[in-house]
Amino acid sequence: SAVISQKPSRDICQRGTSLTIQCQVDSQVTMMFWYRQQPGQSLTLIATANQGSEATYESGFVIDKFPISRPNLTFSTLTVSNMSPEDSSIYLCSVSGNTDTQYFGPGTRLTVL
Amino acid sequence: QQQVKQSPQSLIVQKGGISIINCAYENTAFDYFPWYQQFPGKGPALLIAIRPDVSEKKEGRFTISFNKSAKQFSLHIMDSQPGDSATYFCAASMDSGNTPLVFGKGTRLSVIA
């Protein structure tokens, strides 16, 4: 199974600022995804991080608010821009490689004041 | 439109009992149905997954039952233990793990002694 790390694990930020979350995988993977999990809720897909091209965003999520980079097959970043308290959530990256399985990172718990 | 409906929202089971969580899906293009277990403060961990070509899959105390005609699948946890207390999410995707997962809303399981 893939080992996924995320940085930071948690942060408390002021409204109007931005935070970049890093996702590192211990092996090359084909697909990387970013999800949001609001408190006590299920997971909602933000975007698919495509290596070498722009991310593919789901309805309700836009690149200006959630810019994503994927410079190689083991690393991706998600930035939460111009944050508001409504952005307080857990942000999770997931990966899939050569098998059917999607593995999730430990998540980044973001609180916006 | 919720593509994967999960019930119940919460479940209390006696130690040693059977926990049953149900999910129904709408999109017949889904061909991969995993279950994830999430403990507080952790990312979701894959528990067990099934494809539509089989009606049942068992791994230890965990069993998935799948009914393709009814578009339903369920998770059975045999001999439930307090350590199984967690939130369980069913999910579905197309093209195995290479496409994003659509999650149910989750079931909070409490196993009491």
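What comes next is a walk through the structure. (Residues numbered from 1 in each chain as written. Chains lettered and ligands numbered in written order. Predicted model: local features only at pLDDT ≥ 70, side-chain atom pairs only at ≥ 80, totals over all residues. Heavy atoms only, no water.)

### Some thoughts on the sheet that holds strand 3 (residues 19-25) of chain B
Residue and element names in this part refer to chain B. What the 5 strands build is an open sheet, ordered 1-3-8-7-6; its pairing is antiparallel. A single partner strand is all that each edge strand has here, and the edge strands are strand 1 (4-7) and strand 6 (56-59). Sheet twist, expressed as the average angle between the axes of neighbouring strands with direction ignored, equals 15°. Pairing geometry for strand 1 and strand 3, over 4 bridges, is antiparallel. What sits directly across from K5, in strand 3, is A24. (Pairing = 2+ DSSP bridges. Helix = DSSP H or I, 4+ residues; strand = E, 2+ residues; numbered from the N terminus. Axes fitted to C-alpha atoms, helices over the stretch in contact; angles between N-to-C directions.)

### As for the interface of chain B and chain A
Taken together, the contact between chain B and chain A spans 19 residues of the former and 19 residues of the latter. A combined buried area of about 1500 Å² lies between chain B and chain A, and 53% of that area is made up of carbon and sulfur atoms. Counting across the interface, chain B meets chain A through 0 salt bridges. Across the side of chain B that touches chain A, the residue classes tally to 8 nonpolar, 8 polar and 3 charged. (Contact = heavy atoms within 4.5 Å. Buried area = accessible area lost by both parts, 1.4 Å probe. Salt bridge = Lys/Arg side-chain N within 4 Å of Asp/Glu carboxyl O. Nonpolar A, V, L, I, M, F, W, Y, C, P; charged D, E, K, R; others polar.)

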